[in-house]
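Next come the chains, spelled out residue by residue.
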Amino acid sequence: QVQLVESGGGFMQAGGSLRLSCAASGSIFSINAMGWYRQAPGKQRESVAIITRGGSTNYADSVKGRFTISRDNDKNTVYLQMSSLKPEDTAVYYCKAILIGGIGNYWGQGTQVTVSS
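Residues numbered from 1 in each chain as written. Predicted model: local features only at pLDDT ≥ 70, side-chain atom pairs only at ≥ 80, totals over all residues. Heavy atoms only, no water.

### Some remarks on the overall build of the chain
Logical step 1: Counting secondary structure elements, the chain contains zero helices and 11 strands.
Logical step 2: Listed N to C, the secondary structure of the chain is β-β-β-β-β-β-β-β-β-β-β in terms of helices and strands.
Logical step 3: For the chain, whose C-alpha radius of gyration is 14 Å, the value lies close to the compact-globule estimate of 13 Å for 117 residues.
Logical step 4: Judged by the C-alpha coordinates and their principal axes, the chain covers about 40 × 25 × 25 Å. (Helix = DSSP H or I, 4+ residues; strand = E, 2+ residues; numbered from the N terminus. Rg over C-alpha atoms; globule rule 2.2 N^0.38 Å.)

What follows is the structure, given as structure tokens:
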């Protein structure tokens, strides 16, 4: 079992910055990659950024150059630094732990990010 707790969401004006955190606990050794996903009202959940156990990263085209995913292994925490925020970034952001071997994954409870124009 893996438990994920997100924090750091909130309200921001366009052009501003926010940092999301996702603290993992439990069977940390079973995690292969961690990712941030988001879901806006009326839309499907989409991948935002992923960081693998080896440190490789991947970003959605819509956030490249604006968002940065990173991790602190000592704290078992993954971060999403969001800069130059746009109203279209408004969504509930979810943290996801992807297990080794693709045997499953875990989701956090989500944190709301609202960007005003």
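### Re the packing of aromatic side chains
Logical step 1: Tallied over the full model, the rule gives two aromatic pairs.
Logical step 2: Look at tyrosine 37 and tryptophan 107: their rings are 5.0 Å apart centre to centre, the planes differ by 70°, and that puts the pair in the edge-to-face class. Note that tyrosine 37 is positioned in strand β4 (residues 31–39) and tryptophan 107 in strand β10 (residues 105–107), a separation of 70 residues in sequence.
Logical step 3: What makes tyrosine 37 buried here is its relative accessible area of 11%.
Logical step 4: Residues tyrosine 94 and tryptophan 107 carry aromatic rings whose centres are separated by 6.3 Å and whose planes lie at 90° to one another, so their mutual orientation is edge-to-face. In this pair, tyrosine 94 sits in strand β9 (residues 91–99) while tryptophan 107 sits in strand β10, placing the two residues 13 residues apart along the sequence.
Logical step 5: On the basis of relative accessible area, tyrosine 94 is assigned to the buried category, the value being 15%.
Logical step 6: According to the relative accessible area criterion, tryptophan 107 is partly exposed, its value standing at 35%.
Logical step 7: A connected cluster of aromatic rings, assembled from ring pairs, spans Tyr37, Tyr94 and Trp107.
Logical step 8: Directly above the ring of tyrosine 94 sits arginine 45, whose terminal nitrogen or CZ lies 3.7 Å from the centroid.
Logical step 9: Seen from the ring of tryptophan 107, arginine 45 lies directly overhead, with NZ or CZ sitting 4.5 Å from the centre. (Phe/Tyr/Trp six-rings, centres within 6.5 Å; stacked < 30°, edge-to-face > 60°. Buried < 20%, exposed > 50% of the residue type's maximum accessible area, 1.4 Å probe, protein only. Lys NZ or Arg CZ within 6 Å of the ring centre and 35° of its normal.)

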